[in-house]
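Examining the three-dimensional arrangement
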Amino acid sequence: MDSGRDTERSSSPTGIQSPETDRNPSPPHDTNDGEGEEDLDAIGDTVYSKHWIFSTLTRLINMVTEHLEEDSEGEMPLADDDEEDLCRVWDMAMDKDVAGLLQEFKATDILLGVIAKSRCPRLTEICVGILGNIACFPETCLTLSLHEDLGVVLLLLLGEPDPPTLLETSRLLLTCLSQKDVCSLWLQRIREQTSVLVNLSFIMYCSTNTDLLEKVGELVEKLFDLDEELMKSWITADPSKEEEKADGEGRQDVASCLLEAAKQLRSESPNGLEVYLHALQLLTTTDEGMQTFAAPEGPGRKVWDFVCDVVCEDLCQSNDLSVVLLEQKSILVQAFAVLQALYRCQEQWHNRSDASLPLIGAVLRVLQYDSESKNNDANEEDTKDEQLQTLAEITAEFLADICAQIPKQTVADLVKEGHLTEKTCLTALGCLVHNYKTSFQHLQSMLSETDPRLADVVREQFPV
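Each value, and the rule that gives it
- Residues numbered from 1 in each chain as written.
- Predicted model: local features only at pLDDT ≥ 70, side-chain atom pairs only at ≥ 80, totals over all residues.
- Heavy atoms only, no water.
- Helix = DSSP H or I, 4+ residues; strand = E, 2+ residues; numbered from the N terminus.
- Buried < 20%, exposed > 50% of the residue type's maximum accessible area, 1.4 Å probe, protein only.
- Patch = residues over 30% accessible without salt bridge, like charges linked within 9 Å, V, L, I, M, F, W, Y side chains within 5 Å.
- Areas by Shrake-Rupley, 256 points an atom, 1.4 Å probe, with all protein chains shown as cover.
- Salt bridge = Lys/Arg side-chain N within 4 Å of Asp/Glu carboxyl O.
- Lys, Arg positive; Asp, Glu negative; His and termini not counted.
- Charge placed at Lys NZ, Arg CZ, Asp CG, Glu CD.
- Phe/Tyr/Trp six-rings, centres within 6.5 Å; stacked < 30°, edge-to-face > 60°.
- Contact = heavy atoms within 4.5 Å.
- pLDDT = per-residue confidence, 0-100.
- Disulfide = S-S within 2.5 Å.
- Core = buried A, V, L, I, M, F, W, Y, C linked by side-chain atoms within 4.5 Å.
- Arc of directions from axis to C-beta.
- Expected span 1.5 Å × (residues − 1).
- Axes fitted to C-alpha atoms, helices over the stretch in contact; angles between N-to-C directions.
- Parallel < 35°, antiparallel > 145°, perpendicular 65-115°, else oblique.
- Left-handed = near helix turned anticlockwise from the far one by under 90°.
- Nonpolar A, V, L, I, M, F, W, Y, C, P; charged D, E, K, R; others polar.

Things to note about the overall build of the chain
Helix and strand counts for the chain stand at 27 helices and 0 strands. Buried positions account for 52% of the 464 residues belonging to the chain.

Written as structure tokens, this is what we have:
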């Protein structure tokens, strides 16, 4: 995954909270008159004021203290002016010098106290957002991550009901996991805190918030990429032995949660869909994952049906396949990788789901495009595309699995429906002849029984 996306800075969504403004508030103006004083008060090379940030943090502490004295159990109100100033700090924290100054001012302790005591979702979101921007820089991320109490609180925040807070918390965790100096520390915390699995599963299975699902998907994908043992433990965790959520519903298995989130993002976010398909593909790389998918009552069949539908209905239905492959090839790579893995375990399903004609047709068309692009001098750039090459390799392996035992009737239907033409047939067999001889021979045998003319063409091209 793109590490830049993992450590993205977060801007305060003030436009959502304040309809009268269509941008984030401007940085505070320095009120000092003397040029020398301005230089002393400026933060690094910025025009931001140290005094203003210090006074804003002090005011935040006083706000929380006064609230606790008046109503320790209720939700703390947040005035518009205070919210606007804190959002300025949030945006300013995207600067490295400001992030460093905030650490000097013990902002982590201050913000942690506010999160724990204010009971104000908007204020919690802002505080976590500021911490998320501070964590974008290695030095400040290290200091922040070594704060044990903060580590505990952030993981518990994944159980909050407020989507904006969940989004900022997920972004902060993803940022920390992307910093090599603290990555192992956060992985250890997540392994020890079982509520992380429960809460992330709940979000993936139940949320309809596109931004939140995208960020949680990136977080889960990052965890699976970094820690195979963690992934295995999440796959094998028995939801029936865990405590039920407040609504009385138990947790679904991880694969089913990933699937539900992918369904939600299918039409809303191609990038999000790709992330969840990759997470599902990572599950198939372990024995534990394949056992889960192969189980008769497991999620394998549902995942197969969904990914087939995405490939056939969304990706490979267009008449101009070249455009789809250039724009969405990364999704196809993940989709075909998942389908190839599941195809090998479906013998154990109660209702076997052989590859459909449209799916085999999509496989043939992808291979046909790859063959034509390699033979087209004008497409020289495409032939060097590593993703397209990976897609072609995965597709060829998938076709070999399909053709190893493809029924005669299926071959006849492929010819009848126009999926298996002379051109696509020669391309397919060309992909199989050297590395997948068993599949090549079986497909050739089925052609001899169903379409002798086409079989003769094949024999001329590939003499035995």
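Now that the structure is up, let's keep going.
Overview of a negative patch on the surface
On the surface, Glu66, Glu69, Glu70, Asp71 and Glu73 cluster together to form a negatively charged patch. In this structure Glu70 comes out as exposed when scored by relative accessible area, which is 70%.

Description of the packing of aromatic side chains
Overall, the coordinates contain 7 aromatic pairs when judged by the stated rule. On the basis of an interplanar angle of 75° and a centroid distance of 6.1 Å, the ring pair of Phe224 and Trp234 is categorised as edge-to-face. Pair noted here: Phe224 is in helix H14 (residues 210–226) and Trp234 is in helix H15 (residues 228–236), with a separation of 10 residues, a long-range link. Centre to centre, the rings of Trp304 and Phe398 are 6.5 Å apart; their planes meet at 80°, and the pair counts as edge-to-face. Of this pair, Trp304 sits in helix H19 (residues 300–315) while Phe398 sits in helix H23 (residues 386–403), and the two are 94 residues apart along the sequence. With a relative accessible area of 0%, Phe398 lands in the buried category.

Let's talk about the environment of Leu357
Within the fold, Leu357 resides in helix H21 (residues 357–374). Distance in space between the C-alpha atoms of Leu357 and Cys312 is 9.8 Å, their sequence separation being 45 residues. Setting aside chain neighbours within four positions, we find Leu357 in contact with Thr410, Asp413, Leu414, Glu417 and His419.

Quick look at the confidence of the model for the chain
Taken as a whole, the chain shows an average pLDDT of 88; of its residues, 87% reach a score of 70 or greater. For the stretch residues 15–32, pLDDT sits under 50, and the model shows 24 contacts to residues farther than four places along the chain or on other chains.

Focus on the pattern of salt bridges
Side-chain pairing between opposite charges can occur once the charged atoms of the two side chains come close. Enumeration over the complete set of coordinates arrives at 20 salt bridges. With its nearest N and O atoms 2.6 Å apart, the salt bridge here joins Asp85 to Arg59. Of the two residues, Asp85 sits in helix H5 (residues 80–92) while Arg59 sits in helix H4 (residues 50–70), which places them 26 residues apart along the sequence. Relative accessible area serves as the criterion here: at 13%, Asp85 is assigned to the buried category.

Some thoughts on the side chain of Gln334
Mapping Gln334 onto the fold places it in helix H20 (residues 321–343). Excluding residues that lie within four positions of it along the chain, Gln334 makes contacts with Glu274, Leu277, His278 and Gln281.

Re the state of the cysteines
Disulfides are covalent bonds that connect the sulfur atoms of two cysteines. All told, the structure shown has 0 disulfides when counted by the stated rule. Just so you know, Cys127 is unpaired, no disulfide at all, and the nearest cysteine sulfur is the one on Cys120, 8.9 Å from it.

Considerations on the nonpolar core
Soluble globular proteins tend to pack their nonpolar side chains together in the buried interior. Grouped together as the largest cluster of nonpolar side chains are 151 residues, with contacts concentrated most on Leu102, Phe224, Trp234, Leu258, Val311, Phe336 and Leu359. Take this core: its biggest share by element is 14 residues, from H20.

Some points on helix H27 (residues 452–461)
Burial in H27 covers these residues: Leu454, Ala455, Val457 and Val458. When H27 is viewed along its axis, its buried side chains cluster within an angular range of 160° and face the same direction. Contacts from the buried residues of H27 go to helix H24 (408–416), helix H25 (422–432) and helix H26 (437–450).

Brief notes about helix H13 (residues 195–206)
When the terminal C-alpha atoms of H13 are compared, their 16 Å separation across 12 residues agrees well with the 16 Å that a helix rising 1.5 Å per residue should span. H13 sits mainly inside the fold: 9 of its 12 residues count as buried. For H13, the full list of buried residues reads Ser195, Val196, Leu197, Val198, Asn199, Leu200, Ser201, Ile203 and Met204.

Some words on unusual backbone geometry
The phi dihedral of Lys106 is positive, around 60°, even though this residue is not glycine. Relative to the elements of secondary structure, Lys106 occurs in the loop between helix H6 (96–104) and helix H7 (107–117). The phi dihedral of Arg119 is positive, around 55°, even though this residue is not glycine. For Arg119, the position within the fold is in the loop between H7 and helix H8 (121–134). The class for Arg119 is partly exposed, based on a relative accessible area of 42%.

Focus on the packing of H19 against H21
Remark: H19 packs on H21, axes separated minimally by 10 Å, with the N-to-C direction vectors making an angle of 55°. Taken as axis vectors, H19 and H21 run oblique relative to one another. In this structure, H19 crosses over H21, and the sense of that crossing is left-handed. Between H19 and H21, the residues in contact are Trp304, Cys308, Val311 and Cys312 and Pro358, Leu359 and Ala362, respectively. Here the residues of the contact of H19 with H21 are counted per class, giving 7 nonpolar, no polar and no charged.

Side note on the packing of H14 against H15
Here H14 crosses H15 at 115°, and the two axes come no closer than 5 Å. Here Leu223, Phe224 and Leu226 of H14 lie close against H15, whose contacting residues are Glu228, Leu230, Met231 and Trp234. Among the residues forming the contact of H14 with H15, the class breakdown is 6 nonpolar, no polar and 1 charged.

Re the side chain of Thr410
With respect to the helices, strands and loops of the structure, Thr410 is situated in helix H24. Assessed through its relative accessible area of 17%, Thr410 is described here as buried. Residues in contact with Thr410, not counting those within four places in the same chain, are Leu357 and Ile360.

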